[in-house]
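# Structural overview
Now for the letters of each chain:
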Amino acid sequence: MSNVLSVILSALLAAPAPAPTPVPDPDALERALQALPARPTIAEVQEAVVRRLALGPRSARRLLARARAAAALPSVQGEYDQTIDRDYQLDQAAGTADALTQDLGAGRGARVRATWDLGRLIFNPDELRAARAALDAAAERERVLVAVTQLYFERQQLLLEIALLPARDGQEAIGRRVRVAEIEAVLTGLTGLRF
């Protein structure tokens, strides 16, 4: 057992330490930061995703207001009737010829009924559903904002790495470029903005 442990320790001690990532020159870092794309800003990105996904707080307030207003509106029912009457009369008077007469009658009627459920003005269960939907929308808004913000700054970091830190190999260089393109595509899809 101690032989195995000593072999593992010697292998770990003999393994070369990974090369430290070079620290960029502060002036070069400042120039790279200035060269980052200025538009869209993180505020524009966050505003665009909320607007595009209709997750803003105004949408939730409108939903609650509609639920309250719906209780004041009546329930309306309408009916339309059309009747056709046909009446035949046979006149058989003595000494005269029999006479068959036909009487056609038609009637139309329309009714509209409006009813109010005044109890719903005090408590409307639709308000609870609207409030729950507003909470769900707020939670989804926060989740999406966090994800979009993380993607935005991951893109910024990758752009700085591309500008300042040479890739160890071609695969890393390609991987950085592809990841930037992927992030930009996702952000464009979520916000409608161009990157």
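Structure: see above.
Keep in mind the model is a prediction, meaning the values are calculated, not measured. (Residues numbered from 1 in each chain as written. Predicted model: local features only at pLDDT ≥ 70, side-chain atom pairs only at ≥ 80, totals over all residues. Heavy atoms only, no water.)

### Some remarks on a positive patch on the surface
As a reminder of what qualifies: The residues that make up patches have over 30% relative accessible area and no salt bridge, and they are joined within 9 Å when like-charged or within 5 Å when they are Val, Leu, Ile, Met, Phe, Trp or Tyr. Where accessible areas are quoted, they stem from the Shrake-Rupley method and a 1.4 Å probe; at the residue level, only the protein chains shown are allowed to cover. Every case where a carboxyl oxygen of Asp or Glu lies within 4 Å of a side-chain nitrogen of Lys or Arg is listed as a salt bridge. Positive charges come from Lys and Arg alone, negative charges from Asp and Glu alone, with His and the N- and C-terminal ends not counted. Lysine's charge is taken at NZ, arginine's at CZ, aspartate's at CG and glutamate's at CD. Under the scheme used here, helices are H or I runs from DSSP no shorter than 4 residues and strands are E runs no shorter than 2 residues, and both carry numbers assigned from the N terminus. Remark: exposure states derive from per-residue accessible area (1.4 Å probe, protein chains only) relative to the maximum for the residue type, with buried under 20%, exposed over 50%, and partly exposed in between.
There is a patch of like positive charges on the surface, built from Arg-58, Arg-61, Arg-62 and Arg-66. Positionally, Arg-62 belongs in helix α4 (residues 57-72). Overall, the relative accessible area of 42% leaves Arg-62 in the partly exposed class.

### Topic: the nonpolar core
Basically, it comes down to this: To qualify as a nonpolar core, a set must consist of buried Ala, Val, Leu, Ile, Met, Phe, Trp, Tyr and Cys residues joined through side-chain atoms within 4.5 Å. Whether two residues are in contact is decided by their heavy atoms: any pair within 4.5 Å suffices.
Residues Val-45, Val-49, Val-144, Val-148, Ile-183 and Leu-187 are the most contacted members of the largest nonpolar core, which totals 14 residues. At the level of elements, α3 (42-52), α6 (125-164) and α7 (170-191) are the ones that each hand at least two residues to this core. In terms of residue count, the dominant contributor to this core is α6 (seven residues). Ignoring sequence-local partners within four residues, the contact set of Val-49 consists of Val-144, Leu-145, Val-148, Leu-190 and Thr-191.

### Details of the packing of α6 against α7
Test applied: Between the N-to-C directions of two axes lies an angle of 0 to 180 degrees, each axis being a line fitted to C-alpha atoms and, for a helix, fitted only over the stretch in contact. Should an angle fall under 35 degrees it is called roughly parallel, over 145 degrees roughly antiparallel, and 65 to 115 degrees roughly perpendicular, with every other angle called oblique. Left-handed describes a crossing whose near helix is turned anticlockwise from the far helix by less than a right angle; the clockwise case is right-handed. Each residue gets one of three labels, nonpolar for Ala, Val, Leu, Ile, Met, Phe, Trp, Tyr, Cys and Pro, charged for Asp, Glu, Lys and Arg, and polar for the others, Gly among them.
Relative orientation of the contacting elements α6 and α7 amounts to 150°, with a least axis distance of 10 Å. In this view, α6 runs roughly antiparallel relative to α7, as classed from their interaxial angle. Two packed elements cross with a definite hand, and for α6 against α7 that hand is left-handed. Here Val-148, Leu-151, Tyr-152, Glu-154, Arg-155, Leu-158, Leu-159, Glu-161 and Ile-162 of α6 lie close against α7, whose contacting residues are Arg-176, Arg-177, Arg-179, Val-180, Ile-183, Glu-184, Val-186, Leu-187 and Leu-190. Across the contact of α6 with α7, the residue classes break down as 11 nonpolar, no polar and seven charged.

### Quick look at the packing of aromatic side chains
Using the following cut-off: Pairing of aromatic rings covers Phe, Tyr and Trp, the last counted by its six-membered ring, and requires centre-to-centre distances within 6.5 Å; plane angles under 30 degrees mean stacked, over 60 mean edge-to-face, and any other angle means tilted.
A complete count under the given rule lists one aromatic pair for this structure. Aromatic pair Tyr-152 and Phe-153: ring centres 5.1 Å apart, planes at 85°, arrangement edge-to-face. Of the residues examined, Phe-153 reaches a relative accessible area of 44% and is grouped as partly exposed.

### Side note on unusual backbone geometry
The omega angle of the peptide bond from Arg-39 to Pro-40 is -10°, so this bond is cis rather than trans. By the secondary structure assignment, Pro-40 is in the loop between α2 (26-35) and α3.

### Digging into the pattern of salt bridges
Under the definition given, this model contains 13 salt bridges. The partner of Arg-111 in a salt bridge is Asp-81, and the shortest N-O contact between them spans 2.8 Å. Linking Arg-111 in strand β2 (residues 99-115) with Asp-81 in strand β1 (residues 75-91), this pair joins segments that are 30 residues apart in sequence. Residue classification places Arg-111 among the partly exposed residues on the basis of a relative accessible area of 46%. A relative accessible area of 32% places Asp-81 in the partly exposed class. Across the pair Glu-154 and Arg-179 runs a salt bridge whose closest N-O atoms are separated by 2.8 Å. One end of the pair, Glu-154, is in helix α6; the other, Arg-179, is in helix α7, with 25 residues separating them in the sequence.

### Some words on the side chain of Arg-141
Mapped onto the fold, Arg-141 is located in helix α6. No salt bridge is formed by the buried Arg-141; its nearest oppositely charged neighbour, Glu-142, is found at 4.1 Å. Once residues within four sequence positions are removed from consideration, Arg-141 is found in contact with Val-50, Leu-55, Gly-56 and Pro-57.

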